[in-house]
Amino acid sequence: MEAKIRKIQELKKEKNAVIMAHYYVPDEVQDIADYVGDSYYLSEMATKVDAEIIVLCGVSFMGESAKILNTEKKVLLPAADADCPMAHMADTERIAEVREEYEDVAVVCYVNSTAELKAASDVCVTSSNALKIVKALPNQNIFFIPDQNLAHYIADQIPEKNFIFNDGFCHVHHNVRKDQILAAREAKPEALVLVHPECRPEVTELADYVGSTSGIINYATESDAKEFIISTEMGVFHELQKRNPDKKFYTAGNVQICPNMKKISLDKVIASLENEETQVEMDAELIHEAHAPMKRMLELSK
Ligand code: 13P
Ligand code: SF4
């Protein structure tokens, strides 16, 4: 392990590279990253870092987002097959139909989506800024893709707008059931329940706090409570425990693991830096079209 970490440090210097990682990747990969964060933080940092290469330890839509915002940089995905199934759970034909059907509509695209879906949308959002951005949109009708659960969580808080829902979901978060949260709470009555908005509405309803991965980590860190039931992917436990060695964190019954995020390893980071692979490549027109909604997200979330 030590030798691998040293090798990564050497390669980073030699190649003028930075390593970014999402909180769901394996612990040892989070530990070697220069920047670890939620989807919004990673998108924002991608526009700020001064390096020739960004190694994005996450799933492919994260690499695409970094590339869309940084055409001049090389963006590498250590595990090119790490794909998020939800990123494909919408289609551009349906977007065109909704645009025909509703005059005053904004197509709001969760960043967990392909570049093609982003390009067909009006604005992108992440779990940490979706509420703020949708509230600020002038449009009466909101077609929210691809995640049905985040859409419902936002819609409930903006009753004055008309939401058109899509049927996408994240299998990791959608699998958490209300009865599991109730049982976890009964087992640990002192614990606060912290939930990601990709969970079902009947699960978010039971939460003491709903937020992105960073939101959950910050909330637990700032809270006076000592015990927490965490309803999101297990990767966040690493940062939660690092920042809060005296607090206790429990899963919401089952173990929530994203198999795609777990495809990234130290060996793959080394190979990625050595061979400068797998580069995120998209055609210029697609990048151009997907850039506007991503840029609008960065502006509206300020
Ligand atoms: P956030 O880190 O933005 O909360 O995203 C969660 C997620 O599912 C990323 O794949
Ligand atoms: Fe996609 Fe869910 Fe995995 Fe995030 S946790 S990458 S939304 S499958």
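By the naming in an unreviewed UniProt entry, the protein is Quinolinate synthase, taken from Lentihominibacter faecis. According to its UniProt record, the protein has this under Catalytic activity (unreviewed entry): "iminosuccinate + dihydroxyacetone phosphate = quinolinate + phosphate + 2 H2O + H(+)". What UniProt states about the protein under its Pathway (unreviewed entry) heading is, verbatim, "Cofactor biosynthesis; NAD(+) biosynthesis; quinolinate from iminoaspartate: step 1/1."

A.B. asks: Outline the site of ligand 2, listing residues and values.
C.D. replies: Residues in close proximity to ligand 2 total 13 residues, the closest being V59, C84, C170, V172 and C258. Considered class by class, the residues forming the shell around ligand 2 number nine nonpolar, three polar and one charged. There are two domains that each give the shell around ligand 2 at least three residues, and those are domain 1 (2–83 + 261–281) and domain 2 (86–170 + 289–300).

A.B. asks: Would you mind going over the domain arrangement of the protein in detail, with residue names and values included?
C.D. replies: Taken domain by domain, the protein holds domain 1 (2–83 + 261–281), domain 2 (86–170 + 289–300) and domain 3 (176–251). Between the C-alpha centres of domain 1 and domain 2 the distance comes to 27 Å. Listed by partner, the interface residues are 12 residues for domain 1 and 13 residues for domain 2. Counting residues per element, the ones that place at least two in the side of domain 1 that touches domain 2 are α3 (39–46) and α4 (60–69). Top element by residues in the side of domain 1 that touches domain 2 is α4. It accounts for five residues.

A.B. asks: Lay out the sheet that holds strand β3 (residues 53–57) in plain terms, naming residues and giving numbers.
C.D. replies: Pairing is parallel in the open sheet, where four strands are placed in the order β2-β1-β3-β4. The strands lining the two open edges of the sheet, one partner per strand, are β2 (35–37) and β4 (74–76). Along the sheet, successive strands turn relative to each other by an average axial angle of 20°, direction set aside. Inspection of the sheet shows strand β1 (residues 17–22) paired to β2 by three bridges, in the parallel sense. Residue pairing for β2: H22 is matched across the bridge by G37. Here α4 sits on the sheet in contact with β1, β3 and β4, set at roughly 155° to β3.

A.B. asks: Talk me through the site of ligand 1; I want residue IDs and the actual numbers.
C.D. replies: Near ligand 1 lie 13 residues; those nearest to it are D38, S39, S127, S212 and T213. A class-by-class count of the residues in the shell around ligand 1 yields three nonpolar, eight polar and two charged.

A.B. asks: Outline the packing of helix α12 (residues 213–222) against helix α13 (residues 236–243), listing residues and values.
C.D. replies: α13 packs onto α12 with a crossing angle of 25° between their chain directions and a minimal axis gap of 10 Å. Between α12 and α13, the angle is such that the two are roughly parallel. α13 is crossed by α12, and the crossing has right-handed handedness. Mapping the contact onto sequence places T213, I216, I217, A220 and T221 in α12 and V236, E239, L240 and R243 in α13. Partitioning the contact of α12 with α13 into residue classes produces five nonpolar, two polar and two charged.

A.B. asks: An account of the pairing of strand β5 (residues 105–110) is needed here, citing residue identities and associated values.
C.D. replies: Among the six residues that make up β5, six are buried, leaving the element largely enclosed by the rest of the structure. Of the two faces of β5, the one lined by V105, V107 and C109 and the one lined by A106, V108 and Y110 are each fully buried. Bridging between β5 and strand β7 (residues 141–145) involves five bridges; their strand directions are parallel. Across the sheet, A106 pairs through a bridge with I142, a residue of β7. In this structure, β5 lies alongside strand β6 (residues 123–125), joined through three bridges in parallel fashion.

A.B. asks: Please provide a residue-by-residue account of the pairing of strand β9 (residues 192–195), values included.
C.D. replies: By the bridge criterion, four bridges tie β9 to strand β11 (residues 227–231) in an arrangement that is parallel. In the strand pairing of β11, V193 is matched with I229. In terms of strand pairing, β9 meets strand β10 (residues 209–210) through two bridges, oriented parallel. Following the sheet pairing, V195 is matched in β10 by V210.

A.B. asks: Give me the sheet that holds β6: which residues, what numbers.
C.D. replies: Sheet strands pair by backbone hydrogen bonding; their relative direction is either parallel or antiparallel. The four strands are arranged β6-β5-β7-β8 in an open sheet whose pairing can be described as parallel. One side of each edge strand has no neighbouring strand; the edge strands of this open sheet are β6 and β8 (162–165). Ignoring strand direction, the axes of neighbouring strands in this sheet form an average angle of 30°. Here helix α5 (residues 92–101) sits on the sheet and contacts β5, β7 and β8; the angle it forms with β5, its principal contact strand, is near 155°. Most of the contacts of helix α15 (residues 284–300) go to β6, to which it runs at about 60°, and overall it touches β5 and β6.

Rules used throughout
- Residues numbered from 1 in each chain as written.
- Chains lettered and ligands numbered in written order.
- Predicted model: local features only at pLDDT ≥ 70, side-chain atom pairs only at ≥ 80, totals over all residues.
- UniProt positions renumbered as here; feature names shortened; annotations may be inferred.
- Near = placed C-beta within 6 Å.
- Nonpolar A, V, L, I, M, F, W, Y, C, P; charged D, E, K, R; others polar.
- Domains from an automatic or database assignment.
- Contact = placed C-beta atoms within 7 Å.
- Helix = DSSP H or I, 4+ residues; strand = E, 2+ residues; numbered from the N terminus.
- Pairing = 2+ DSSP bridges.
- Axes fitted to C-alpha atoms, helices over the stretch in contact; angles between N-to-C directions.
- Parallel < 35°, antiparallel > 145°, perpendicular 65-115°, else oblique.
- Left-handed = near helix turned anticlockwise from the far one by under 90°.
- Buried ≥ 20, exposed ≤ 12 C-beta atoms within 10 Å, placed from the backbone.

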